[in-house]
Amino acid sequence: MVLEVLKFPDPRLRKKGAVVAKVTPELKAMAENMLETMYAEHGIGLAAPQVGESIRLLVIDTRPTDEDGNIVLDNLTELERAVKQPIVLYNPEIVAAKEKTSYEEGCLSVPGFYETVDRFQYVEVKGLDAEGQELTIKSDGLLAICLQHEMDHLEGKLFIDRLSFVKSSRIKTRIQKHGYPTPEEVAEERAETRKRRKEQKEAALAATGSARDE
Ligand code: QAP
Ligand code: CO
């Protein structure tokens, strides 16, 4: 079942998730529904508070796919390749972390907005898997970023809270004033960005070309 994903500024996104005492059949069904919702919305991660469940549960699948939906493992780091996905994780805790990195993140609860966030480059996360068995995940790459992003949701924290004060306020005010762009507007914005990048690249190429001609 595809669930409704709550959007900022829904106050339910701000609640701290409760520790899960036992992985019951009801929770297993919830995790399945969250995976279904994440895939339906083309997400790579989803935390229970985003679907109105204030508990410490997250699901992730960062495996890259081609146009036909086939998984392509080439672009994964060695550590990422060693982790079984999709991931269902209860009560996750960071037990080790090192090095800093940054990545342009988005969120199904803040659709259409993307900003660069500072994170750890490597994390070791401990928790309970889909069956309630203890699991430790060691990862870098996109998976490490996604784990940190989803764990933030369990603390009531969003990626837009991790930006500079100016950037954070600008986005929050904009959403509260104008709401979210429609999926069509998001697609249009993406197409424009792509076009702009292409033009910039071509202009840069033309500039080096003429420099060589001199
Ligand atoms: C968190 O985010 C994440 O705005 C997961 O129009 C993101 O799945 C971790 C999405 C980036 C690491 C890097 C967002 C889909 C999905 C949108 C997501 C949208 C459609 C976001
Ligand atoms: Co999110």
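Since the structure is predicted, the reported quantities are computational estimates derived from the model, not experimental observations.

**Student:** For this particular structure, what's the right way to read the coordination of the cobalt ion (ligand 2)?
**Tutor:** By definition of the ideal shapes, four donors in a tetrahedron about a metal sit 109.5 degrees apart, and six donors in an octahedron sit 90 or 180 degrees apart. Within the protein, the cobalt ion (ligand 2) binds to Cys107 (SG), His149 (NE2) and His153 (NE2); these donor distances fall in the range 2.1 to 2.2 Å. One chain supplies every donor to the cobalt ion (ligand 2), and in sequence these donors are spaced C-x41-H-x3-H. Here Cys107, found in the loop between strand S3 (87–105) and strand S4 (115–128), pairs with His153, found in helix H3 (residues 141–153); they are 46 residues apart in sequence, far enough to count as distant. Classification of Cys107 by relative accessible area gives buried; the value is 11%. The buried category is assigned to His153, whose relative accessible area is 1%.

**Student:** Any chance you could explain H3 here in plain terms?
**Tutor:** Working note: α-helix, 3.6 residues per turn, so residues spaced by three or four point in the same direction. Of all the 13 residues making up H3, eleven are buried; the element is thus mostly covered by neighbouring parts of the structure. Among the residues of H3, Leu143, Ala144, Ile145, Cys146, Leu147, Gln148, His149, Glu150, Met151, Asp152 and His153 are the ones counted as buried. Those residues of H3 that are buried lie in contact with strand S1 (45–47), strand S2 (57–60), helix H2 (78–81), S3, S4 and strand S5 (134–139).

**Student:** Looking at this structure, I do not really get the side chain of Asn91. What am I missing?
**Tutor:** Within the fold, Asn91 resides in strand S3. A polar side-chain atom of Asn91 sits 2.8 Å from the main-chain carbonyl oxygen of Val20. Excluding anything up to four places from it in sequence, Asn91 contacts Val19, Val20, Arg56, Lys126, Gly127 and Leu128.

**Student:** Help me understand a negative patch on the surface, please; the structure alone is not making it clear to me.
**Tutor:** A cluster of acidic residues, Glu184, Glu185, Glu188, Glu189 and Glu192, forms a negative patch at the surface. Mapped onto the elements, Glu184 comes out in helix H5 (residues 183–213).

**Student:** In this structure, what is going on with the pairing of S5? I would like to understand it.
**Tutor:** When a strand is regular, its side chains alternate between the sheet's two faces. Pairing of S4 with S5 involves six bridges; the strand directions are antiparallel. Bridge pairing in S5 places Leu128 opposite Glu134. The turn joining S4 and S5, which pair antiparallel and follow one another in sequence, is formed by five residues; a positive phi near 90 degrees is taken by Gly132.

Reading guide: rules and limits
- Residues numbered from 1 in each chain as written.
- Chains lettered and ligands numbered in written order.
- Predicted model: local features only at pLDDT ≥ 70, side-chain atom pairs only at ≥ 80, totals over all residues.
- Heavy atoms only, no water.
- Donors = N, O, S within 2.8 Å, 3.2 Å for Na, K, Ca; no water.
- Helix = DSSP H or I, 4+ residues; strand = E, 2+ residues; numbered from the N terminus.
- Buried < 20%, exposed > 50% of the residue type's maximum accessible area, 1.4 Å probe, protein only.
- Contact = heavy atoms within 4.5 Å.
- Polar contact = N/O pair within 3.5 Å; in protein donor to acceptor, adjacent residues only side chain to side chain.
- Patch = residues over 30% accessible without salt bridge, like charges linked within 9 Å, V, L, I, M, F, W, Y side chains within 5 Å.
- Areas by Shrake-Rupley, 256 points an atom, 1.4 Å probe, with all protein chains shown as cover.
- Salt bridge = Lys/Arg side-chain N within 4 Å of Asp/Glu carboxyl O.
- Lys, Arg positive; Asp, Glu negative; His and termini not counted.
- Charge placed at Lys NZ, Arg CZ, Asp CG, Glu CD.
- Pairing = 2+ DSSP bridges.

No statement about biological role is implied by the geometric values presented.
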